[in-house]
Amino acid sequence: MTYQGLIQHYRQYLDLPAHTQAISLLEGNTPLIPMPRLGREFGCELFVKFEGLNPTGSFKDRGMTTAISEAVGRGAQTVICASTGNTAASAAAYAARAGLRSIVLIPEGKVAVGKLAGAIAYGAEVIQIQGSFDDALSLVVEITQKTPIALVNSINPYRIEGQKTSAFEICDVLGSAPDWLCLPVGNAGNITSYWAGFKQYQKGLPQVLGVQAAGAAPLVLGHPVEKPETIATAIRIGKPARGEQALEAAQQSGGRIIAVSDAEILSAQKILASEGVWVEPASAAGLAGLIAESSVGKFEAKGKKVVVVCTGHGMKDPSIITESFTAPKVIPAEYQALVEMVDA
Ligand code: AN7
């Protein structure tokens, strides 16, 4: 049967109300890419779950198909979210598909250009907040408590239902859960979803390595971060809504949540790109964590199956690349100039 999106594909595993009306862009079904060359460096069988290949370029589409489908079914006309960018683009796309009005609140000047462009292109009403993601989230929670506007942040339980499906897909491809799952942690909806998904699917449980950026690592520090800062703007979050559940997932799985520096994140981004997988900075945090833990002997990967979740596409944040490289050289459109340039 042709693939009709993840609600259709995993319907029996998703706890969605009867009124749900599936709104899909054929999200999910993303590739689990083997990384043999990189895996050899750790002595493990390494895979990248490339979530950047979802319709709007991030994993958020999994939770958005379910959240918007539920909202439409219950008669919502407007949806709202706070976002570091990817949720905004995803909410805007699925709202557009459903014929709903979408409003997105973003931290002023801290959203990568590909995400902002997406939100605008899909027709969202974009509002910049003079504050952080966390401030924006408080505001959308308040307005959805006082008005009929539907909240589509990952506090919404149907977001978690949809995002569980990535765990199902990994088990379907590998035949069972991997030994380790490494992924970035921001507002902590995704790590919560994976853990719920693996537990429900009963194909084994991975140990979970959640990775925060050092300047935005409330779950490592053990307290909220008032002014989170990181180059990985997607996870520039100081008060994760599902922080408790993230810690629980790490602990129950025999894993942990760690922090890596921006330099380690950018280095991991380069390594992934050198293998043909270009992801946005936050999405490289999982690999950065794996590298950091291995280098201090804390990660015994030998002979293990390891999945690194890459949550968003590199094209979401092109500036991070173009700003740090000199512009390509310019030559006359002449053969001799080309030969000299390429030193052939
Ligand atoms: C690429 O879009 O919070 O721990 O508002 O965009 O589930 O929050 C994005 C988060 C990882 C962290 N990787 O996931 C938003 C937003 C990328 C992301 C995360 C985000 P959660």
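Keep in mind the model is a prediction, meaning the values are calculated, not measured. (Residues numbered from 1 in each chain as written. Predicted model: local features only at pLDDT ≥ 70, side-chain atom pairs only at ≥ 80, totals over all residues. Heavy atoms only, no water.)

This part is about the sheet that holds strand β1 (residues 32-34). Ordered in space as β1-β2-β10-β7-β8-β9, the 6 strands form an open sheet in which the pairing is mixed. Among the strands making up the open sheet, the edge pair consists of β1 and β9 (256-260). Neighbour-to-neighbour, the strand axes of this sheet turn through a mean angle of 25°, independent of strand direction. Here 5 bridges tie strand β7 (residues 180-184) to strand β8 (residues 207-213), and the two strands are oriented parallel to one another. (Pairing = 2+ DSSP bridges. Helix = DSSP H or I, 4+ residues; strand = E, 2+ residues; numbered from the N terminus. Axes fitted to C-alpha atoms, helices over the stretch in contact; angles between N-to-C directions.)

Moving on: the nonpolar core. In terms of nonpolar packing, the biggest core is built from 34 residues, with Phe-42, Leu-46, Leu-272, Leu-287, Leu-290, Phe-299 and Val-306 touching the most fellow members. Elements supplying a minimum of two residues to this core: α2 (36-42), β2 (45-50), β7, β8, β9, α12 (262-274), α13 (285-295) and β10 (305-310). No other element matches the 5 residues that α13 contributes to this core. Dropping the residues within four chain positions of it, Leu-287 is found in contact with Leu-38, Phe-42, Ala-268, Ile-271, Leu-272 and Val-308. (Core = buried A, V, L, I, M, F, W, Y, C linked by side-chain atoms within 4.5 Å. Buried < 20%, exposed > 50% of the residue type's maximum accessible area, 1.4 Å probe, protein only. Contact = heavy atoms within 4.5 Å.)

What follows deals with the site of the ligand. Of all residues adjacent to the ligand, which total 23 residues, the nearest are Asn-86, Thr-87, Asn-187, Ala-188 and Thr-311. One of the backbone N or O atoms of Gly-186 is found 2.8 Å from an oxygen atom in the ligand. Asn-187 places a polar main-chain atom, nitrogen or oxygen, 2.7 Å from an oxygen atom of the ligand. Within the complex, the protein chains bury 99% of what would otherwise be the 480 Å² of accessible surface of the ligand. Among the secondary structure elements, those contributing two or more residues to the shell around the ligand are α4 (86-98) and α9 (189-201). Partitioning the shell around the ligand into residue classes produces 9 nonpolar, 12 polar and 2 charged. A domain-level breakdown of the shell around the ligand finds at least three residues from each of domain 1 (6-58 + 162-322) and domain 2 (60-157). (Near = heavy atom within 4 Å. Polar contact = N/O pair within 3.5 Å; in protein donor to acceptor, adjacent residues only side chain to side chain. Areas by Shrake-Rupley, 256 points an atom, 1.4 Å probe, with all protein chains shown as cover. Nonpolar A, V, L, I, M, F, W, Y, C, P; charged D, E, K, R; others polar. Domains from an automatic or database assignment.)

It is worth spelling out the side chain of Arg-242 at this point. Relative to the helices and strands, Arg-242 resides in the loop between α10 (218-221) and α11 (243-252). Buried and without a salt bridge, Arg-242 has Glu-161 as its closest oppositely charged side chain, separated by 8.7 Å. Of the polar contacts made by the side chain of Arg-242, one reaches the backbone oxygen of Ser-154; its length is 2.8 Å. (Lys, Arg positive; Asp, Glu negative; His and termini not counted. Salt bridge = Lys/Arg side-chain N within 4 Å of Asp/Glu carboxyl O.)

Applying the stated rule across the entire model yields 0 disulfides. Just so you know, Cys-171 is unpaired, no disulfide at all, and the nearest cysteine sulfur is the one on Cys-182, 15 Å from it. Residue Cys-171 is classed as buried on the basis of its relative accessible area of 1%. (Disulfide = S-S within 2.5 Å.)

Our focus in this paragraph is α11. Taken residue by residue, α11 has Gly-243, Ala-246, Ala-249 and Ala-250 as its buried positions. End-on, the buried residues of α11 take up no more than an arc of 120°, which puts them together on one face. Of the residues in α11, the exposed ones pointing more than 90 degrees away from the buried face are Glu-244 and Gln-251. Tucked inside the fold, the buried residues of α11 contact α9, β8, α10 and β9. Positive backbone phi, at 75°, marks Gly-254, one or two positions downstream of α11. (Arc of directions from axis to C-beta.)

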